[in-house]
Amino acid sequence: MRKMSNGSQNQTMKLSKNSWILILIFIVLLLFFSVLFFFRSKPEYVSKVEIALGTTIKVVVSSEKDPGLIVDAILREFHRIDNKFSVTDPKSVISRINNSDNPFEIDEETAFVIERSLALARATEGAFDPALGNLITLWGFDKINDSAFEPYIPSDDEIEEVLKKCGYENVILENDVVILQNSVKLDLGGIVKGYAIDRGISIAKEMDPDANGYIDAGRDIGIIGPKFGGEYWSIAVKDPRGEGSEYIDLVYLKKGTIVTSGDYERFFLVDGVRYHHILNPKTGYPVRETISTTIIAPDAMDADAFSTAAFVLGSEFSAVLIPVLGGQGLFVNAQNEQTRTEGWAFFKEKH
Amino acid sequence: MRRLKTRYKENQWVLFKKRDVFIYALLCFFLIVAIYYGYNSLNGSMIEVRINGSIHYRFSLEEDGIKKIETNGKKLMELLIDQGDAKIINSQCPLHLCERGSLKQSGVLVCVPQKVIITIANQNDPVQNSDGIDLITG
Amino acid sequence: MSIGKEEKSFLSLKLTYLSVLTAVAITIGILETVIPPPVPLGGFKWGFSNSIILMILIIMGEKEGFTAAVLKVVVSNLLTGRFLGPSFFLGLGGSLSSVYMMSMLMKSKFGLIAVSVFGSFTSNLVQILLAAMLFIGSLKVFYLSGYIIGVGVFTGFLNAIIAYGGIKWMKQIDILS
């Protein structure tokens, strides 16, 4: 009997404790679902797409601080750089340098970009050349994104003449002054996108060092930070002769940049022949031996210049040169054969 | 024959009791929140067409047909909406690069010379946690 | 703590019941794997074996309920070769939390349907949580949660009916009182 009453007493006490625990659990669940409710209106990543530098710029950012602000700041920077370094806008700094008498006084940023371009030109022995403005204008590739573009094939003589007015050796940079000899004209198209990506990334990091995401500028990619804070971004390399969703490789990056140059990006067809925008600085004609190059490097500016240089130099030589310069690459030649630098395999694994 | 005595008395294990309403109400709340959350996380069904940065057109992905996209009386292109997907056709740009692919395939359709960007509105999460591909270079 | 003769035979009766019912629960647990899971997550199970667990809870109480739940998950996963696989961890988390909730609700004198439905809800919720944290690595799966809750309500309802009917039947054939 005594056992029984003790038992029932225990039972009553347990019930109250029970109910409290139950209520606690219900409250926790309620809170959990309320939080879920709030999460539906705040996506983890903010993404925006705008047109700049003659291509589509997609910026994707996740951040504890306002990601929208970071995305907008990056896009503003892209537009600013577009206006400043554009070759077609007569108000841009580059146009004014090209059209004025020497010497031309420039600001720090322009000096930096020109200096890096020259250094990269020297390192690649001219395969990347920031002073091909006249050649590019002759072919019309500077206007290829305008509605007024018309395909034009220059004659051998025209090219020979124009080549005399090209070449990075004619660009002299002294203190804050740039001198263009032999009427060469600057065209920084092969490096400006990379520069903008680097600027975008550092702006993001300035606003929030823990921000993550990426900048996709016409399929040249700069990583702001790892996916979800710690994961790899899976990046597929498009098959240069594929039909849109075919890939020739898949790499994993948590940081750094990856840039591709292809003969299918800016080109026009005449009589079935493809004339594309990556010109051999020595011959003046579009490079025929390569159809695509992809470079992984810590800076997009380097990667951009390397991918142009590798395109001109060809797979064999680039496989040796690019790692020396600090990048890794995947090159596809005209016979659709792929060559990878030795260190490229590192990026195919998640470590 | 020995029978096992149940722990809970007869009247305690009935199917329904008055206080059950609390549980049902709680579950209803959870269900509503969960469905709302799920609905919002999937792709929206509105197409947004931006010309030079500002939104000019909104179409529904459910309305099949050909939509004209023009500005200032000048026709720029047409948008073909079919079976929940959309493509650009008959564009006035010189290289017709924008006519490749479809909206669902690439997520965005862009015509650079005419400064047109076409996206799916309410695409809440541009980053999927799948084992698939996040980005394409090339 | 000496156990008297009365209690000894009572205990062995309990043991018999527990063993048989647990075996049934395990069998149902294994059979469940055959039907396609309601959710495209790895290791997710319907949860009809919880009807038996509920019965054990009603007949014998909390401790036995937990024992049966643990045994069910361990043995059914061992037998189907999924031991230490995803369905093991999800099943463990789901079953244990479900038994806990159901015993709490029973002690607080809720009706069987509510107990069972909330038990299934808890089981499914814990399973998605574990799946999200351990295997998928993202909480984004919660956009499936509405659907999962619905499934839980459905299974819970059926489980209550099975448990109720089962006990009524056992009383009828006079093996229970």
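As a convention, each chain's residues are numbered from 1 in the sequence order in which they are written. Note on labels: chains are lettered from A, ligands numbered from 1, in written order. Local features in a predicted model are, by the rule used here, given only for residues with pLDDT of at least 70; side-chain atom pairs are given and counted only at 80 or more, and totals for whole chains, interfaces and linings are based on all residues.

**Description of the overall build of chain B**
Move 1: A count of helical and extended segments in chain B gives two helices and eight strands.
Move 2: Comment: elements are numbered from the N terminus, with helices defined as DSSP H or I runs of at least four residues and strands as E runs of at least two. Reading the secondary structure of chain B in the N-to-C direction produces α-β-β-β-β-β-α-β-β-β.
Move 3: In chain B, which comprises 138 residues, the share counted as buried stands at 25%. Counting other C-beta atoms within 10 Å of each residue's C-beta, where C-beta atoms are placed from the backbone, gives the exposure class: buried for 20 or more, exposed for 12 or fewer, partly exposed between.

**Some thoughts on the interface of chain A and chain B**
Move 1: Each side of the interface is counted separately: chain A has 39 residues, and chain B has 31 residues.
Move 2: Looking at the side of chain A that touches chain B, the elements with two or more residues in it are α1 (2–39), β1 (46–52), β2 (55–62), β6 (212–217), β7 (220–225), β8 (233–238), β10 (256–262) and β13 (290–297) of chain A.
Move 3: Looking at the side of chain A that touches chain B element by element, the count peaks at six residues for β8(A).
Move 4: Asp, Glu, Lys and Arg are counted as charged, while Ala, Val, Leu, Ile, Met, Phe, Trp, Tyr, Cys and Pro are counted as nonpolar; the rest, among them Gly, fall into the polar class. Here the side of chain A that touches chain B is built from residues that sort into 18 nonpolar, 12 polar and nine charged. By the criterion used throughout, residues are in contact when their C-beta atoms, derived from the backbone, lie within 7 Å.

**Quick word on the pairing of β6(A)**
Across a regular strand the side chains alternate sides, sitting on one face of the sheet and then on the other.
All names here are of chain A.
Move 1: Burial analysis of β6 places six of its six residues in the buried class, the great majority of the element.
Move 2: Both faces of β6 are covered, namely the face carrying Asn212, Tyr214 and Asp216 and the face carrying Gly213, Ile215 and Ala217.
Move 3: What makes two strands pair is DSSP finding at least two bridges between them. Of the pairings in the sheet, the one linking β2 to β6 comprises six bridges and is antiparallel in character. Paired with Val59 across the two strands is Ile215, which belongs to β6.
Move 4: Bridge count between β6 and β7: five bridges; the pairing is antiparallel. Residue pairing for β7: Ala217 is matched across the bridge by Asp220.

**Examining the sheet that holds strand β5 (residues 85–89) of chain B**
Whenever strands of a sheet pair, they do so through backbone hydrogen bonds, lying parallel or antiparallel.
All names here are of chain B.
Move 1: Within the open sheet, the three strands sit side by side as β3-β4-β5. Their pairing is antiparallel. Two strands close off the open sheet at either side, each with one partner strand: β3 (65–71) and β5. Sheet twist, expressed as the mean angle between neighbouring strand axes with direction ignored, is 25°. Every angle, taken between N-to-C directions, lies between 0 and 180 degrees, and every axis is a line fitted to C-alpha atoms, over only the stretch in contact when it is a helix.

**Quick notes on the pairing of β3(B)**
Residue and element names in this part refer to chain B.
Move 1: Bridging between β3 and strand β4 (residues 74–82) involves seven bridges; their strand directions are antiparallel. Across the sheet, the residue bridging to Glu70 is Lys75, located in β4.
Move 2: Joining the antiparallel neighbours β3 and β4 is a turn of two residues, in which Asn72 adopts a positive phi near 55°.

**What to know about the environment of Pro36(C)**
Move 1: Structurally, Pro36(C) can be placed in the loop between α1 (5–32) and α2 (50–59).
Move 2: The spacing of Pro36(C) and Trp46(C) is 10 residues in sequence and 8.8 Å in space, taken between C-alpha atoms.

**Points about the environment of Lys254(A)**
Residues and elements named next belong to chain A.
Move 1: With respect to the helices, strands and loops of the structure, Lys254 is situated in the loop between β9 (247–253) and β10.
Move 2: For the pair Lys254 and Tyr232, spaced 22 residues apart in sequence, the C-alpha to C-alpha distance is 4.9 Å.
Move 3: With sequence-adjacent residues up to four places away left out, Lys254 is seen in contact with Ile223, Pro226 and Tyr232.

**Points about helix α2 (residues 67–85) of chain A**
Residues and elements named next belong to chain A.
Move 1: Between the first and last residue of a helix there are one fewer steps than residues, each counted as 1.5 Å, and that sum is the expected span. Helix length check: α2, at 19 residues, gives a terminal C-alpha distance of 27 Å against a target of 27 Å (1.5 Å per residue), a fit within 8%.
Move 2: Along α2, the residues that are buried comprise Pro67, Ile70, Val71, Ile74, Phe78, Ile81 and Phe85. Down the axis of α2, the smallest arc covering the buried residues is 100°, so these residues share one side.
Move 3: Of the surrounding secondary structure, the elements contacted by the buried residues of α2 are β1, β2, α3 (93–99), α7 (189–207) and β6. The directions considered for the arc are those from the helix axis to the C-beta atoms.

**Considering the nonpolar core**
Where a protein is soluble and globular, its nonpolar side chains tend to be buried together.
Move 1: Structurally, a nonpolar core is described as a collection of buried Ala, Val, Leu, Ile, Met, Phe, Trp, Tyr and Cys residues joined by way of C-beta atoms within 7 Å. Grouped together as the largest cluster of nonpolar side chains are 105 residues, with contacts concentrated most on Val61(A), Ile215(A), Ile295(A) and Val116(B).
Move 2: Broken down by element, this core gets its largest block of residues, 10 residues, from helix α8 (residues 300–313) of chain A.

**With respect to unusual backbone geometry**
Residue and element names in this part refer to chain B.
Move 1: Positive phi, close to 55°, is recorded for Asn72, a residue that is not glycine.
Move 2: Inspection of the secondary structure assignment puts Asn72 in the loop between β3 and β4.
Move 3: Even without glycine at this site, Gln83 takes up a positive phi of about 50°.
Move 4: The exposure class assigned to Gln83 is exposed, which follows from the 9 C-beta atoms found within 10 Å.

**Some thoughts on the environment of Asp198(A)**
Residues and elements named next belong to chain A.
Move 1: Position of Asp198 among the secondary structure elements: in helix α7.
Move 2: Residue classification places Asp198 among the buried positions, given that 20 C-beta atoms sit within 10 Å.
Move 3: Separated by 100 residues in sequence, Asp198 and Pro298 place their C-alpha atoms 9.4 Å apart.

**Some details on the packing of α8(A) against helix α9 (residues 315–325) of chain A**
Two quantities define a packed helix pair, namely the angle between the helix axes and the distance between the axes.
Residues and elements named next belong to chain A.
Move 1: At a minimum axis distance of 9 Å, the contact between α8 and α9 shows a crossing angle of 155°. Our classification of the angle between α8 and α9 gives roughly antiparallel. The chirality of how α8 crosses α9 is right-handed. Residues Phe306, Ala310 and Leu313 of α8 touch α9, and the partners they reach there are Phe317, Ser318, Leu321, Ile322 and Leu325. Should an angle lie under 35 degrees it is considered roughly parallel, over 145 roughly antiparallel, and from 65 to 115 roughly perpendicular; all remaining angles are considered oblique. Throughout, a crossing is termed right-handed when the near helix is turned clockwise from the far one, and left-handed when it is turned anticlockwise from it by less than a right angle.

**Examining the confidence of the model for chain B**
Predicted coordinates in areas of low pLDDT are best not read in detail.
Move 1: Scored between 0 and 100, pLDDT is the confidence that the predictor attaches to each residue. Scored by pLDDT, chain B has a mean of 77; 74% of the residues are at 70 or more.
Move 2: What the predictor reports for the complex is a pTM of 0.62 with an ipTM of 0.79.

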